[in-house]
Amino acid sequence: LAKAFQYGGRQNEWVTLSGFCFVQTGNFDNALKAFNEVLAKIPGDRDANFGLALLEIRAGKAVNAQAYLSKTLKAAPGDPRALLSLAVLSRAEGKTDEASRYVQEALRWLGDEPVLHYLAALEFFEAGNLKDATLFAQKAVASQQDAPLFRLLLAHLYYRQGAYSDAISQIQAALMKAQDDKRLLYLLGISYAGSGKSAEALQTLKYLAGLYPDDEIARLAMENIVMKTMTMEALARSEYADYRFVRAKEFTGNFLYGKALQEYRRGLLIYPYANEGRRKYAELIKISGLPATYLEELLFLRDIGKADQTVQDAIEVYNSVLAGSVFRTWKVQPLQLGEAPYSIAVYSTGSGGIPWHPASDTLIAQYLRDTLIFSNQLRPSTAVSTVNTFTDAFASARQSGMDFFLLVSAYETERDIRISAELRQARTGALVKSIQVTQSGNERIQRACDRILDELAGAFQLRGMLINRKGNVGLINLGTKNKAAKGSKFYIIKRGAASIKADGSGLSWPESALIGVFEVTKSDDAVSEGTITFNGPFDSVNVGDTVVLQQKEGSTNVIVPTSAIPYPYVFETLKILY
């Protein structure tokens, strides 16, 4: 272009082209100058207005972007590029009806341009219309068969519909033009897994992880395949668990105990019989001040035949140390602790991550679900389901009798991810919490999920059960793991009388169901002893009654949903239109 300007002058179309070159190379200041130069001469220039719209989207200024795109539509009301751009932007803002109207209008003027067919397919996919999405993706591939991006989308659509052989065929054709493309290799791996070819899937994903060690989604995909297809005792699991144990050791060395515990749990979920991993995990639990849980881990090592003399000695010592503990004094049996009080279903939209990691939100939702099983307050669904709309998730969660459901979606660029998680009350569909987390750089998935889990932890009113009593002294199944400390007070509610509020913000019960107050005097890891004060002249408190932590007056768990828009995703999506 510099040569062209030298010999042919600064012709408008060349200046505009230079602007888009600057956009692609990240030189946004020069891109702005180039587009403004053209618009100073031709205010209605279609391409320059589109270029400025892109820059405004990148800056998070949706209103300005829409204004530039609207200028194009005034000059050319049937411009499909502007219409589809507005559709993408509207959908990102949550204006789904408006997005659909733009798409329908664009279809009247679409023509034969492959990139427009691709974007129309993408919009139909986002709307959950897989049939039309597949039709337009097929048109895009037929018009430009050497475009790996188009085949990637078509392969993803086949994958979503269970047509794994067709997906694999499209990916293999695309890899002929884009060897070692991380997006294609990832989708090939999960397509092999979907078709039951777990060996090929693991081989492909291991190759991908070797090329791109920072690819967290590929790692999660491998781990899920291992946990799904290999027996619990399979020694081959240890290779994948060791990756987590190494990370845990590094976090421990940097005194990041919370992150280390999470990595150890993930590793033990992959390979429960890991000797060294479980020992290190047990030692970290001891450091965290949970002696009873530490002893449980040692006893597990003994039960699976991996307890040497050091472990046997530690068991003997801690059996002695815990002899006067609340747990031992009351002779608590594990079954008495009961199950977690809140059930939660986890769903994904399934279209997240295009084009970098198709269906990444399903893997992220599965990771969140796997982490939630370690909570003694939440009882997650056994599997993560993929849904097209909120309505589908709501209907499924309500019909299955869940208390809450979590709907996970993801938008991804090459180095950024935005994960959205909506926590809703399953009986009414009311929004309890809306969480949007954007992270960039390395370990962005992990950091984003940590933020989401932290937010979720505070969304549920602490709830337990009276599991034993002796006169005015009782025992509840909540302990130091739940931060139940000396002086903590709990309402005692008649069994079955407490219910989740319609807005999901906490629990409610009839006034007559409040039968006492429990005040903690002594705690262990999982149980607490305390005194019972009766509400009224009569003793109506029974084992099995509900206990609910007293909240400060005026406190609430309801969070107003944010309006964060995934501008980086929109920007990267629309760049392909020029």
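Residues numbered from 1 in each chain as written. Predicted model: local features only at pLDDT ≥ 70, side-chain atom pairs only at ≥ 80, totals over all residues. Heavy atoms only, no water.

A. Molecular detail of the pairing of strand S8 (residues 473-476). Here strand S7 (residues 463-470) pairs with S8 via 4 bridges, running antiparallel. Looking at the pairing, asparagine 468 lines up with leucine 475 of S8. Where S7 hands over to S8, the hairpin turn is made up of 2 residues, of which glycine 471 adopts a positive phi near 65 degrees. In terms of strand pairing, S8 meets strand S13 (residues 528-534) through 4 bridges, oriented antiparallel. Directly across from leucine 475, in S13, lies its bridge partner glutamate 529. (Pairing = 2+ DSSP bridges. Helix = DSSP H or I, 4+ residues; strand = E, 2+ residues; numbered from the N terminus.)

B. Structural detail: the environment of methionine 402. With respect to the helices and strands, methionine 402 occurs in the loop between helix H22 (390-399) and strand S4 (404-412). Along the sequence, methionine 402 and isoleucine 344 sit 58 residues apart, while their C-alpha atoms lie 5.8 Å from each other. The residues touching methionine 402, leaving out its near neighbours within four places in the chain, are Ser343, Ile344, Ala345, Arg379, Ser381, Ala397 and Ala426. (Contact = heavy atoms within 4.5 Å.)

C. Local environment of the packing of aromatic side chains. Summed over all chains, the structure comprises 18 aromatic pairs. Considering the side-chain rings of tyrosine 264 and tyrosine 281, the 6.3 Å spacing of their centres and the 45 degrees angle between planes classify their relative orientation as tilted. You can see tyrosine 264 sitting in helix H16 (residues 257-270) and its partner tyrosine 281 sitting in helix H17 (residues 275-287), a full 17 residues away along the chain. Look at tyrosine 281 and you get buried, because its relative accessible area is 7%. Here the aromatic cluster, defined as three or more aromatic residues joined through ring pairs, consists of Tyr347, Phe390, Phe394 and Phe405. In this arrangement the basic side chain of arginine 183 is found over the ring face of tryptophan 356, its NZ or CZ atom lying 4.8 Å from the centre. Stacked on the ring of phenylalanine 390, the Lys or Arg arginine 424 has its end atom at 4.4 Å from the ring centre. (Phe/Tyr/Trp six-rings, centres within 6.5 Å; stacked < 30°, edge-to-face > 60°. Buried < 20%, exposed > 50% of the residue type's maximum accessible area, 1.4 Å probe, protein only. Lys NZ or Arg CZ within 6 Å of the ring centre and 35° of its normal.)

D. A look at the pattern of salt bridges. Counted by the stated rule, this structure contains 24 salt bridges. Residue arginine 266 pairs with glutamate 223 through a salt bridge whose shortest N-O separation is 2.9 Å. Residue arginine 266 is found in helix H16, and its partner glutamate 223 is found in helix H14 (residues 216-229); the two are separated by 43 residues along the sequence. Across the pair, glutamate 223 and arginine 266 agree in class, each one buried. A salt bridge links arginine 279 to aspartate 308; the shortest N-O distance between them is 2.9 Å. Here arginine 279, found in helix H17, pairs with aspartate 308, found in the loop between helix H18 (291-303) and helix H19 (309-321); they are 29 residues apart in sequence, far enough to count as distant. Owing to a relative accessible area of 34%, aspartate 308 belongs among the partly exposed residues under this scheme. (Salt bridge = Lys/Arg side-chain N within 4 Å of Asp/Glu carboxyl O.)

E. The arrangement of a nonpolar patch on the surface in detail. A contiguous nonpolar patch, built from Leu1, Leu17 and Tyr578 and spanning about 240 Å² of accessible area, is present on the exposed surface. Relative to the elements of secondary structure, leucine 17 occurs in helix H2 (residues 12-25). A residue is classified by how much of its surface remains accessible, and leucine 17, at 34% relative accessible area, is partly exposed. (Patch = residues over 30% accessible without salt bridge, like charges linked within 9 Å, V, L, I, M, F, W, Y side chains within 5 Å. Areas by Shrake-Rupley, 256 points an atom, 1.4 Å probe, with all protein chains shown as cover.)

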